[in-house]
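# Structural overview for review
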Amino acid sequence: MLEIAIINGPNLNLLGKREPDVYGHASFEEFLVQLKKDFPSVNFTYFQSNIEGEIVQAIQSHGFNKAGIILNPAAYTHTSVAIGDAVAAIKTPVIEVHISNVHAREDFRKISHVSAKSVGSIVGLGLKGYALATEWFIANS
Ligand code: DQA
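Once a new chain begins, its residue numbering starts again from 1 and follows that chain's sequence as written. The model is predicted, so local features are restricted to residues of pLDDT at least 70 and side-chain atom pairs to those at 80 or more, both for listing and for counting; the totals for chains, interfaces and linings are taken over all residues. To get the side-chain values, take all heavy atoms of the structure and skip hydrogens and water.

## Focus: the site of the ligand
Around the ligand sit R18, Y23, N72, A74, A75, H78, H98, I99, S100, V102 and R109, and those are all the residues in its vicinity. Under this definition, polar contacts are N or O atom pairs within 3.5 Å; protein pairs additionally need one hydrogen-donor-capable and one acceptor-capable atom, and for neighbouring residues in sequence, both atoms have to be side-chain atoms. At a separation of 2.7 Å, an oxygen atom of the ligand approaches a polar side-chain atom of H78. The contact in question runs from an oxygen atom of the ligand to an N or O atom on the side chain of S100, over 2.6 Å. Note that accessible areas follow from Shrake-Rupley with a 1.4 Å probe, and for residues the cover is restricted to the protein chains shown. In the complex, 99% of the free accessible area of the ligand, which totals 320 Å², lies under the protein chains. One heavy atom within 4 Å of a molecule or strand makes the whole residue count as near it.

Okay, structure coming up:
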């Protein structure tokens, strides 16, 4: 089985309830059930935290033993040197995903501390971005 870790940052535990016009009506847990059905050859590990250091820990702990990490650091994308450094420090390739099109929103969302250290970024395609990232890891494993 291909091992993929999904790591979500702050406020993504509120998906479905949070600004549904921006982030949609599905909770991540509901989406994950479908993602697992769509990719039966993948073993997904899912971790969400609202705490920066816990995200750094998760990146480190998955960063040497998974085929890929799908990372949505949410607001920490734009502020966290520590999360950017963690992505640079590990061996596992990371795909950065954002549900919304961060480039079409406020200027502060155009800065990412993880983009340059990731194999690629998928933004603005909704939750489908996580499925597309999974497809890339399958194709490149
Ligand atoms: C987000 C975009 C971020 O700017 C924002 O702070 C989030 C979610 C996204 O998935 O679109 O919390 O990462």
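Having seen it, we continue.
## A few points about the environment of E52
Secondary structure follows DSSP: runs of H or I at least 4 residues long count as helices, runs of E at least 2 residues long count as strands, and numbering of each begins at the N terminus. Tracing the sequence through the fold places E52 in helix α3 (residues 52-62). Residue burial is assigned from relative accessible area. The probe radius is 1.4 Å, only protein chains are included, and a residue is buried under 20% of its type maximum, exposed over 50%, and partly exposed in between. The exposure class of E52 is partly exposed, given its relative accessible area of 30%. In sequence terms E52 and L125 are 73 residues apart; their C-alpha atoms lie 25 Å from each other. Filtering out sequence-adjacent residues up to four positions away, E52 remains in contact with Y76, S80, A82 and I83. We call two residues in contact whenever any of their non-hydrogen atoms come within 4.5 Å of each other.

## A few points about the environment of S49
Considering the arrangement of structural elements, one finds S49 in the loop between β2 (42-48) and α3. Distance from S49 to L12, taken between C-alpha atoms, is 8.3 Å for residues 37 residues apart in sequence. Those residues in contact with S49 that sit more than four places away from it in its chain are N8, G9, P10, E54 and I55. In this structure the side chain of S49 is engaged in a polar contact, spanning 2.7 Å, whose partner is the side chain of E54.

## Focus: helix α4 (residues 81-89)
I83, G84, A86 and V87 are the residues of α4 that are buried. Looking down the long axis of α4, one finds its buried residues gathered within 160° of arc, a one-sided arrangement. Buried residues in α4 make contact with α3, β3 (68-72) and β4 (94-98). Along the arc lie the directions from the helix axis toward the C-beta atoms.

## A closer look at the side chain of K66
Along the polypeptide, K66 turns up in the loop between α3 and β3. In terms of polar contacts, K66 uses its side chain to reach the side chain of T45, at 3.1 Å. What K66 contacts, discounting residues up to four positions off in sequence, is E3, A5, T45 and T92.

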